Amino acid sequence: MKVYFSHGKESGPWGSKITRLAKVAKDQGYSVDSIDYSGISDSDLRVDHLLSILKDAEEDFLLVGSSMGGYVSLVASERVNAKGVFLLAPALYIQGFKKQAYTNSKNVEIVHGWSDDIIPPENSIKFAKQIDCTLHLISGDHRLNSSIEIVEKLFSQYLVDKILAKRPT
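Residues numbered from 1 in each chain as written. Predicted model: local features only at pLDDT ≥ 70, side-chain atom pairs only at ≥ 80, totals over all residues. Heavy atoms only, no water.

**Regarding helix α4 (residues 121–131)**
Part 1 of the reasoning: Of all the positions in α4, only P121, N123, S124, F127, A128 and I131 are classed as buried. Buried residues of α4, viewed axially, fall in a sector of 155 degrees; they line one side. α4 presents E122 and K129 as exposed residues on the side facing more than 90 degrees away from its buried surface.
Part 2 of the reasoning: Residues of α4 that are buried make contact with α3 (68–77), β5 (108–113) and β6 (134–138).
Part 3 of the reasoning: Two residues or fewer after α4 comes D132, characterised by a positive phi angle close to 60 degrees. (Buried < 20%, exposed > 50% of the residue type's maximum accessible area, 1.4 Å probe, protein only. Helix = DSSP H or I, 4+ residues; strand = E, 2+ residues; numbered from the N terminus. Arc of directions from axis to C-beta. Contact = heavy atoms within 4.5 Å.)

As structure tokens, this is what we get:
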């Protein structure tokens with residue numbers, strides 16, 4: 001199985017958070033890729049870019065997205081057969097983004113910082129309540145850097161509980 005990471009608006013494909021989570025995934029036997037959205041500022045064009053990559057995917061995959069990358073991963077997951085979606089402070093219900101209603105409810109889990117002043121935690125609460133998914137509200141701001149160890153543990157547990165457990169034996 002492969003994990004595709006989607007970074008946020010102001011970061012890059014191999015920022016510190018993605019690098020650390022990619023190591024968690026690799027340690028559990030996943031292959032990883034981090035999509036480069038540099039030069040694509042429009043969130044919905046990023047969705048199109050991710051879908052163009054996923055159309056050729058030959059193995060099962062999981063989508064992980066942070067901030068705008070969370071929006072991109074979630075919206076793309078509605079059109080592909082992702083085995084799960086792990087979101088970090090996802091940019092949901094943001095004015096100017098094309099999609100404002102989300103339907104994916106398959107193996108979605110969210111981590112959001114209580115002190116996020118970029119994307120209000122209430123947006124993740126609204127979405128999690130709508131689809132009845134797991135939401136972790138933790139200490140931290142939008143970048144979640146001060147709580148990265150907790151994020152790593154939650155991601156590792158997600159891979160074990162939601163994904164590895166569903167693999168055929």
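**Looking at the sheet that holds strand β2 (residues 31–35)**
Part 1 of the reasoning: One open sheet accounts for 6 strands, arranged β2-β1-β3-β4-β5-β6; its pairing is parallel. Two strands close off the open sheet at either side, each with one partner strand: β2 and β6. On average, each strand axis in the sheet is tilted by 15 degrees relative to the strand beside it, whichever way the strands run.
Part 2 of the reasoning: Here β5 pairs with β6 via 5 bridges, running parallel. (Pairing = 2+ DSSP bridges. Axes fitted to C-alpha atoms, helices over the stretch in contact; angles between N-to-C directions.)

**Considerations on the side chain of K17**
Part 1 of the reasoning: By secondary structure assignment, the location of K17 is in helix α1 (residues 16–27).
Part 2 of the reasoning: Buried within the structure, K17 lacks any salt-bridge partner; its nearest side chain of opposite charge belongs to D141, at an N-O separation of 7.6 Å.
Part 3 of the reasoning: Reaching out from K17, the side chain makes a polar contact with the side chain of S66 at a distance of 3.1 Å.
Part 4 of the reasoning: Those residues within four positions of K17 in sequence are excluded, and the remaining contacts are S66, L88, H142, R143 and I148. (Lys, Arg positive; Asp, Glu negative; His and termini not counted. Salt bridge = Lys/Arg side-chain N within 4 Å of Asp/Glu carboxyl O. Polar contact = N/O pair within 3.5 Å; in protein donor to acceptor, adjacent residues only side chain to side chain.)

**Quick word on the nonpolar core**
Part 1 of the reasoning: Residues L50, Y71, Y102, V108 and F127 are the most contacted members of the largest nonpolar core, which totals 30 residues.
Part 2 of the reasoning: Mapped onto this core, the elements with two or more residues apiece are α2 (43–54), β3 (61–66), α3, β4 (85–88), β5 and α4.
Part 3 of the reasoning: Looking at which element gives the most residues to this core, the answer is α3, with 6 residues.
Part 4 of the reasoning: Discounting chain neighbours no more than four positions away, the residues touching Y71 are S43, D44, V47, A91, L92, F97, K98, K99 and Y102.
Part 5 of the reasoning: Core analysis: the next-biggest nonpolar cluster, separate from the first, contains 23 residues, V111, L154, F155 and Y158 among them. (Core = buried A, V, L, I, M, F, W, Y, C linked by side-chain atoms within 4.5 Å.)

**What about the layout of surface pockets?**
Part 1 of the reasoning: Taken as a whole, the largest pocket encloses approximately 430 Å³ of empty space.
Part 2 of the reasoning: Along its surface, the largest pocket is lined by 21 residues, and G8, E10, S11, S67 and H142 are the ones closest to its centre.
Part 3 of the reasoning: With 3 residues, the single largest contributor to the lining of the largest pocket is α1.
Part 4 of the reasoning: Roughly 160 Å³ of volume is contained in the second largest pocket.
Part 5 of the reasoning: Residue lining of the second largest pocket: D44, V47, D48, V75, E78, R79, K98 and K99, and that is the complete set.
Part 6 of the reasoning: Counting residues per element, the lining of the second largest pocket draws most heavily on α2, which supplies 3 residues. (1 Å grid on protein atoms, 1.4 Å probe; cavity = no way out; pocket = protein on both sides within 12 Å on 5 of 7 lines; lining within 4 Å. Points joined across faces, edges and corners; volume = space filled by probe spheres on them.)

Read these as spatial facts, not as claims about activity.
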